[in-house]
Amino acid sequence: MSRTTFLNVDDTKAGMADLDKEKINKLIQEASKNSKFFKQQQRREEENRRRIEVKLSKIKSFSNFQIEQAEKSADRYLNQLDKTRDLSRIFCHIDMDAFYASVEMRDNPTLQHVPMAVGGEGMLSTSNYLARQFGVRAAMPGFIARHLCPNLVIVPCDFEKYRTDSSKIMKIISEYDENYGSCGLDEAFADLTNHLQIRKTLSEEQRTFPKEENSIQTIIFGITAEETVQEIRHRIYLTTRLTASAGIACNMRLAKLCSDINKPNGQYQLESNVNIILNFIRNLPIRKIKGIGKVVFLS
DNA sequence: TACATACAC
DNA sequence: TATGGTGTATGTA
């Protein structure tokens, strides 16, 4: 669940590809202007522009010699990092699809075919995919969301309920990596390397799960990382009736990037091959990298 | 070191 | 009419 800032709709997340961004941004501006918040943001933007100017003029003042030295030292550092590169492990990142919204839709089917969001009038936590079509997103105030989507249904947060589902999900993940790490209620990382070794010795029965809850039909999952993650997602669905997306790669950051690719209810594996990985990173929009937000992106 | 800012969920 | 709460990392005085 990411942040939408006051001026522009954040189109970097799933479900926002074909929106009329110009129209949405205009509506957001219309609803925001004259507010204290808006003026505060404008002041900060101005301050940031000034800081970027200072940086640029500093960059211009560097001599060719200084630039060469800096490049050399960067290369030395990169060389060092190259040596520490480890492609031998396999991580996965599990990311629940529109988590709070999905829980509410599961528990109240009348919400399933309407644009809805979870949160308060002051601030929304997340929205379902139908609402995202209107530009309604996490971290957007409810009253602005209503400008974008007058029929929006807003459901209050019920963290107790989300925590219950979350702990069921985390329990499943822990069976694949006892040292898994969670990130909020709807995300987790697991290092599957050890499990994949052990998995080779598991019987077919141990890799078999019912197709549906209480169904006699079953699915047998194979021993690859891809199939292991399918198994995890399937088990999460069996237990919670919620869908998850997942990414598989040789480290956590790459796995996280991969979980976004086939969202919702999909997964993507990045091959552990240096050239493939470098190519993947090269083609990445810079905003997708952890730590690069709106402000750093502009500078 | 303290305080502010940016970022993520 | 109106824009959260919490934690971490990083930059700056």
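Computed from a prediction, not measured in an experiment: that's the story for all the values here. (Residues numbered from 1 in each chain as written. Chains lettered and ligands numbered in written order. Predicted model: local features only at pLDDT ≥ 70, side-chain atom pairs only at ≥ 80, totals over all residues. Heavy atoms only, no water.)

## Brief notes about the overall build of chain A
Right, so step 1: Within chain A, the regular secondary structure consists of twelve helices and ten strands.
Right, so step 2: Projected onto the principal axes, the alpha-carbon positions of chain A cover approximately 70 × 55 × 30 Å.
Right, so step 3: Expressed as a percentage of the 299 residues in chain A, the buried residues total 38%.
Right, so step 4: Considering only intrachain contacts with a sequence separation of at least 6, the fraction spanning at least 24 residues in chain A is 56%. (Helix = DSSP H or I, 4+ residues; strand = E, 2+ residues; numbered from the N terminus. Buried < 20%, exposed > 50% of the residue type's maximum accessible area, 1.4 Å probe, protein only. Contact = heavy atoms within 4.5 Å.)

## Let's talk about the domain arrangement of chain A
Right, so step 1: If you check the domain split of chain A, you get domain 1 (91-98 + 159-293) and domain 2 (100-155).
Right, so step 2: Of note, the centres of domain 1 and domain 2, computed from C-alpha atoms alone, are 26 Å apart.
Right, so step 3: On the side of domain 2, twelve residues touch domain 1, which itself brings twelve residues to the contact.
Right, so step 4: In total, about 1,000 Å² of surface goes out of reach between domain 1 and domain 2, with carbon and sulfur atoms giving 57% of it.
Right, so step 5: When the area that domain 1 buries against domain 2 is broken down by residue, the three leading residues are A98, K161 and Y162, summing to 54%.
Right, so step 6: Remark: the boundary between domain 1 and domain 2 carries nine residue pairs in polar contact (both at pLDDT 80 or more).
Right, so step 7: When residues of the side of domain 1 that touches domain 2 are assigned to their parent elements, the largest contribution, four residues, is made by helix α7 (residues 159-174).
Right, so step 8: Grouping the amino acids of the side of domain 1 that touches domain 2 by side-chain chemistry returns six nonpolar, one polar and five charged. (Domains from an automatic or database assignment. Buried area = accessible area lost by both parts, 1.4 Å probe. Polar contact = N/O pair within 3.5 Å; in protein donor to acceptor, adjacent residues only side chain to side chain. Nonpolar A, V, L, I, M, F, W, Y, C, P; charged D, E, K, R; others polar.)

## Thoughts on the pairing of strand β2 (residues 116-119)
Right, so step 1: Along β2, one buried face is formed by M116 and V118 and the opposite face, lined by A117 and G119, is buried too.
Right, so step 2: Inspection of the sheet shows β2 paired to strand β3 (residues 124-127) by three bridges, in the antiparallel sense. The partner of A117 across the bridge, within β3, is S127. (Pairing = 2+ DSSP bridges.)

## What to know about the packing of aromatic side chains
Right, so step 1: Per the stated rule, a full pass over the model turns up six aromatic pairs.
Right, so step 2: Ring geometry for F159 versus Y162: centroids 5.9 Å apart, planes at 80 degrees, classification edge-to-face. You can see F159 and its partner Y162 sitting in helix α7, three residues apart, about one turn around the helix.
Right, so step 3: Cluster of aromatic residues (ring-pair linked, three or more members): F99, Y100, F159 and Y162.
Right, so step 4: Positioned over the ring face of Y129 is R132, at 4.4 Å from the centre of the ring. (Phe/Tyr/Trp six-rings, centres within 6.5 Å; stacked < 30°, edge-to-face > 60°. Lys NZ or Arg CZ within 6 Å of the ring centre and 35° of its normal.)

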